[in-house]
Amino acid sequence: MYRISQQCGTGCLVEDGRSNVSCSCAVVALLAVITFTLFGYRIALGKNPNQVSAWACYYGDKDRTAQLTGFDLLISDPRGQNPDPLRAGGVKVLVYVSLGEITENSPYYGEAKKLGLLVRHNKNWNSWVVDVRRPEWQALLLNHIIPDALSNGYDGLFFDTLDSPIDMQRRDPDKYKGTERSCVELVKDIRKKYPELLLCQNRGFEIIRRTAPYLDYLLIEGLSSNMHLSSGVRSDVSDSDREFLIAKAFVAIEKNPKLVVLSLDYSPIDDVDAINRAYDFSRKQGFVPYVSTPDLNEVYVHEINP
């Protein structure tokens, strides 16, 4: 999932979002909306059955049940952590599903290639952005990929990589016209098919106003701290990027006051100051924080009961 935060951290998507604010009056108006919405959001927290105080994201394949039982919510890989003991202990477990890309090691990669669904290669992850407008991809997701992901027993789905096809429309609006609309319809179709499941969307800020009513959680990556994928060097997120992310989160909350916003930051495990700052800043916004490594193959236990 952090692939999107690395991409957005370079400025392409963030710059597009910030271009909507062109004067100081607009900034003041935006902050006024955020403050008002934030107040209402915090009042609603006590009435929200999906609210959690601590969550984690773990994609490793080692059994971390002992560490993860202290959390309220876990986002897991379908080939990783066994969800059964956690769910038995009251932890809500969501399983990762890629809606906008398919990896070459996926059992459905061959079918997607045969159907001509692949539109751009992502060399960082050896995956392909798919044409979400195609009914063949929608059928593959709804009838095979998602049911397979859920087969081990989970409480919900975590949607990743929606930013990838949306970025294709941004790059070539004529060729990929209708991609954003198809992404929204895909989320709506999943909600319709699985009305009882918990649904979480990662980023996808261009469509979040339209998808928020169908979600239970929104995940924001890189609210305070990022790590370079190859060098492992940590860096602070700029104030302007933070303002963009917070504004988008409250746009979503305005459309769905029961939406729970999760934040995910990346930091070395021994950088305690950076981790503390990330947790403190997220909580001040009314969000629920977690900090981990970019590989998400370790469990950081940090102030589980703040």
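Scoring rules and cut-offs
- Residues numbered from 1 in each chain as written.
- Predicted model: local features only at pLDDT ≥ 70, side-chain atom pairs only at ≥ 80, totals over all residues.
- Heavy atoms only, no water.
- Pairing = 2+ DSSP bridges.
- Helix = DSSP H or I, 4+ residues; strand = E, 2+ residues; numbered from the N terminus.
- Axes fitted to C-alpha atoms, helices over the stretch in contact; angles between N-to-C directions.
- Contact = heavy atoms within 4.5 Å.
- Phe/Tyr/Trp six-rings, centres within 6.5 Å; stacked < 30°, edge-to-face > 60°.
- Buried < 20%, exposed > 50% of the residue type's maximum accessible area, 1.4 Å probe, protein only.
- Parallel < 35°, antiparallel > 145°, perpendicular 65-115°, else oblique.
- Nonpolar A, V, L, I, M, F, W, Y, C, P; charged D, E, K, R; others polar.
- Salt bridge = Lys/Arg side-chain N within 4 Å of Asp/Glu carboxyl O.
- Core = buried A, V, L, I, M, F, W, Y, C linked by side-chain atoms within 4.5 Å.

**Let's talk about the pairing of strand 5 (residues 118-122)**
Pairing of strand 5 with strand 6 (residues 127-130), which is carried by 4 bridges, proceeds in the antiparallel orientation. Bridge assignment links L118 to a residue of strand 6, and that residue is V130. Here strand 5 folds back onto strand 6, and the loop between the two strands holds 4 residues, one of which, N126, carries a positive phi near 50°.

**Describing the sheet that holds strand 4 (residues 101-103)**
Spatially, the 3 strands line up as an open sheet ordered 4-6-5, and their pairing is antiparallel. In this open sheet, the two strands that pair with only one neighbour each are strand 4 and strand 5. The average undirected angle you get between the axes of adjacent strands in this sheet is 30°. Along the sheet, helix 8 (residues 163-171) makes contact with strand 4, strand 5 and strand 6, crossing strand 5 at roughly 105°.

**A look at the packing of aromatic side chains**
Under the defined criterion, the tally for this structure stands at 6 aromatic pairs. Centre to centre, the rings of W55 and Y290 are 5.6 Å apart; their planes meet at 55°, and the pair counts as tilted. With W55 in strand 1 (residues 55-58) and Y290 in strand 13 (residues 288-292), this pair connects stretches of sequence that are 235 residues apart. According to the relative accessible area criterion, W55 is buried, its value standing at 0%. By relative accessible area, which is 0% here, Y290 ends up buried. When the ring of F205 is compared with that of F244, the centres are 5.7 Å apart and the planes differ by 90°; the resulting orientation is edge-to-face.

**So, the packing of helix 8 against helix 9 (residues 179-193)**
Axis separation between helix 8 and helix 9 bottoms out at 8 Å; the angle between their running directions is 160°. Between helix 8 and helix 9, the angle is such that the two are roughly antiparallel. Within the contact between the two elements, helix 8 uses P165, I166 and Q169 and helix 9 uses T179, E180 and C183. Of the residues assigned to the contact of helix 8 with helix 9, the class counts are 3 nonpolar, 2 polar and 1 charged.

**Brief notes about the pattern of salt bridges**
Pairing between side chains becomes possible if they bear opposite charge and their charged atoms approach one another. In this structure the tally under the stated criterion is 15 salt bridges. Residue R133 pairs with D131 through a salt bridge whose shortest N-O separation is 2.9 Å. Residue classification places R133 among the partly exposed residues on the basis of a relative accessible area of 26%. For R191, the salt bridge is made with D216, and the minimal N-O distance between the two is 2.8 Å. Placement of R191 in helix 9 and of D216 in the loop between helix 10 (208-211) and strand 9 (217-221) is noted, with a sequence separation of 25 residues between them. On the accessibility criterion, R191 (15% relative accessible area) is buried. Overall, the relative accessible area of 12% leaves D216 in the buried class.

**Some remarks on the nonpolar core**
Ranked by internal contacts, the top residues of the largest apolar core, which has 75 residues, are W55, W137, L157, I190, Y217, L262 and Y290. Among the elements that make up this core, the one with the highest residue count is helix 7 (residues 135-150) (8 residues). When residues no more than four places from it in sequence are discounted, the contact partners of W55 are F71, L73, I75, L219, L262, S263, L264, V288, P289 and Y290.

**Some points on the pairing of strand 6**
Within a regular strand, side chains alternate between the sheet's two faces. Summarising the sheet, strand 4 and strand 6 pair through 3 bridges and their orientation is antiparallel. Each residue of the ladder has a partner; that of I102, found in strand 6, is W128.

**Considering unusual backbone geometry**
With phi around 55°, R203 is a residue other than glycine that occupies positive phi space. With respect to the secondary-structure elements, R203 resides in the loop between strand 8 (198-202) and helix 10. With a relative accessible area of 3%, R203 lands in the buried category. At L296, a residue that is not glycine, the phi angle is positive and equals roughly 55°. Mapped onto the elements of the fold, L296 is located in the segment after strand 13.

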